[in-house]
Amino acid sequence: MKTVLFFLFFTLCLIKGHMSDAADVVTGGSVIIKCLYDPKKSQTRESAKSFCKVSGNECTTMTEVNNDLWIPEERFSMTENKSVGFISVLIRNLTVNDSGTYKCKGVQDVNLDVKQEPCCGSSEELTAYILTTAVIHCKYPEKYKDHPKLLFKVQNGSLEVIITVFGSSTTDGRFSLNVNEQEHFFTASITDVSRHDAGVYFCGIDHSNQIYTHLLTEIRLHVSDLYITIIIITACLILLLAVGLSLLLIKRRCKKTEGSVSADQRNTTDGDEVITSAYYEAIQDCAQDSIGLNTVYASAHLPTSPSDSDFYTLVEKPQNTES
């Protein structure tokens with residue numbers, strides 16, 4: 001209902017006004033262009049169902065009438081409002097190359113002059129939590145300070161007006177708009193956020209005496225459950241803490257074992273290069289704790305003196321005696 005009333009108001013302004021041949025200056029972002037026609041004249045209605053850009057003597061078709069105005073993969077899209085008698089054309093992500101003369105065939109010419117400004121044309125991501133308040137910030141050029149400000153949402157393949165402000169502030173249910181004229185921005189607030197509020201929004205400026213609506217910023221609102229998010233973050237922190245403590249304990253155990261082995265080595269006799277069974281077991285235990293599947297190999301050197309009975313027992317092989 002709000003959308004219908006808005007477009008009726010817009011249409012009346014167009015009928016009262018007179019279209020000039022001067023180019024309509026658009027400062028980046030996206031734009032919705034309205035092409036009016038007489039719904040009683042079927043010939044005019046059929047010829048208006050395409051939108052083309054003039055280049056010399058040719059007019060290249062940019063889009064044709066579709067069921068949906070919002071087609072995510074398309075920059076140009078076009079839909080018809082039969083009840084009011086106009087066609088809406090959406091051009092997204094405007095660049096200076098989009099400047100020029102366009103035609104709603106058989107209806108009217110549209111002259112666009114695209115200018116790039118830092119305030120306009122951005123695409124933002126915003127996350128809000130259920131039952132909290134989402135705040136959307138929208139900057140606009142100073143020249144639009146006296147124009148009505150709007151918040152659009154993509155719904156059912158169309159861009160529907162959620163709320164409009166003609167002054168400094170307005171509230172409609174859970175939605176509100178507040179304008180900061182000194183800083184040239186307005187904020188749109190959504191209270192008691194629910195999952196149904198997720199989607200694509202546009203900050204808009206209405207040009208009541210012209211044929212287009214300027215879409216300044218595209219916002220993708222994501223809605224998340226705060227409690228689930230807290231649980232996930234807490235679980236991740238606990239896991240990281242457990243891993244850190246495990247690594248710390250393994251490191252301390254390895255250092256303690258290495259110190260004990262060093263003391264044992266100092267008690268051995270000079271010149272003996274011996275790796276005792278206790279040292280081998282200590283290395284093996286430490287390696288299994290810190291690495292897991294790695295195998296530690298140690299080789300023992302034979303003593304230089306065969307008299308060391310602590311490690312070798314010489315067994316003399318008996319000789320076979322002939323009977």
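Because the structure is predicted, anything quoted here is derived from the model rather than measured.

Student: Would you take a moment to explain the environment of Glu80 for this structure?
Tutor: Within the secondary structure layout, Glu80 lies in strand β5 (residues 76-81). Relative accessible area serves as the criterion here: at 15%, Glu80 is assigned to the buried category. Distance in space between the C-alpha atoms of Glu80 and Leu69 is 8.6 Å, their sequence separation being eleven residues.

Student: Please explain the state of the cysteines as it appears in this structure.
Tutor: Two cysteines, two sulfur atoms, one covalent bond between them: this is a disulfide. What the rule picks out here adds up to three disulfides. Linked covalently through their sulfurs, Cys52 and Cys59 form a disulfide whose S-S length is 1.8 Å. Here the S-S torsion is close to 85°, and the disulfide linking Cys52 with Cys59 is therefore right-handed. Looking at Cys52, the relative accessible area reads 1%, which means it is buried. Note on Cys59: relative accessible area 27%, which makes it partly exposed.

Student: What is the right way to read the sheet that holds strand β14 (residues 175-180) from this model?
Tutor: The pairing of strands in a sheet happens through backbone hydrogen bonds and is either parallel or antiparallel. Strand order in the open sheet formed by four strands is β10-β15-β14-β13, and the pairing between neighbours is antiparallel. Edge positions in the sheet fall to β10 (134-139) and β13 (169-172), since each of these pairs with one other strand and no more. Within this sheet the neighbouring strands show an average axis-to-axis angle of 15°, counted without direction. Pairing of β13 with β14, which is carried by four bridges, proceeds in the antiparallel orientation.

Student: Even after reading the chapter, I still don't get a nonpolar patch on the surface, so can you show me in this structure?
Tutor: A grouping of Leu226, Tyr227 and Ile230 is seen on the molecular surface, where their side chains present a nonpolar patch of about 310 Å² in accessible area. The residue Tyr227 is located in helix α3 (residues 226-266) in this model.

Student: Help me understand unusual backbone geometry, please; the structure alone is not making it clear to me.
Tutor: Leave glycine aside and you will find that most residues have negative phi; peptide bonds, for their part, are mostly trans. Even without being a glycine, Leu131 presents a positive backbone phi close to 75°. Tracing the backbone shows Leu131 in the loop between β9 (123-129) and β10. For Leu131, a relative accessible area of 64% gives the class exposed. For His184, which is not glycine, the phi dihedral falls at a positive 60°.

Student: Explain the pairing of β14 to me, please; I cannot follow it from the model alone.
Tutor: Consecutive residues of a regular strand have side chains that alternate between opposite faces of the sheet. Connecting β13 to the antiparallel partner β14 that follows it, the hairpin turn spans two residues, and Gly173 within it adopts a positive phi of roughly 65°. Taking the residues between adjacent antiparallel strands as the criterion, β14 and strand β15 (residues 185-190) are bridged by four residues, where His184 takes a positive phi near 60°.

Conventions used here
Residues numbered from 1 in each chain as written. Predicted model: local features only at pLDDT ≥ 70, side-chain atom pairs only at ≥ 80, totals over all residues. Heavy atoms only, no water. Helix = DSSP H or I, 4+ residues; strand = E, 2+ residues; numbered from the N terminus. Buried < 20%, exposed > 50% of the residue type's maximum accessible area, 1.4 Å probe, protein only. Disulfide = S-S within 2.5 Å. Pairing = 2+ DSSP bridges. Axes fitted to C-alpha atoms, helices over the stretch in contact; angles between N-to-C directions. Patch = residues over 30% accessible without salt bridge, like charges linked within 9 Å, V, L, I, M, F, W, Y side chains within 5 Å. Areas by Shrake-Rupley, 256 points an atom, 1.4 Å probe, with all protein chains shown as cover. Salt bridge = Lys/Arg side-chain N within 4 Å of Asp/Glu carboxyl O.

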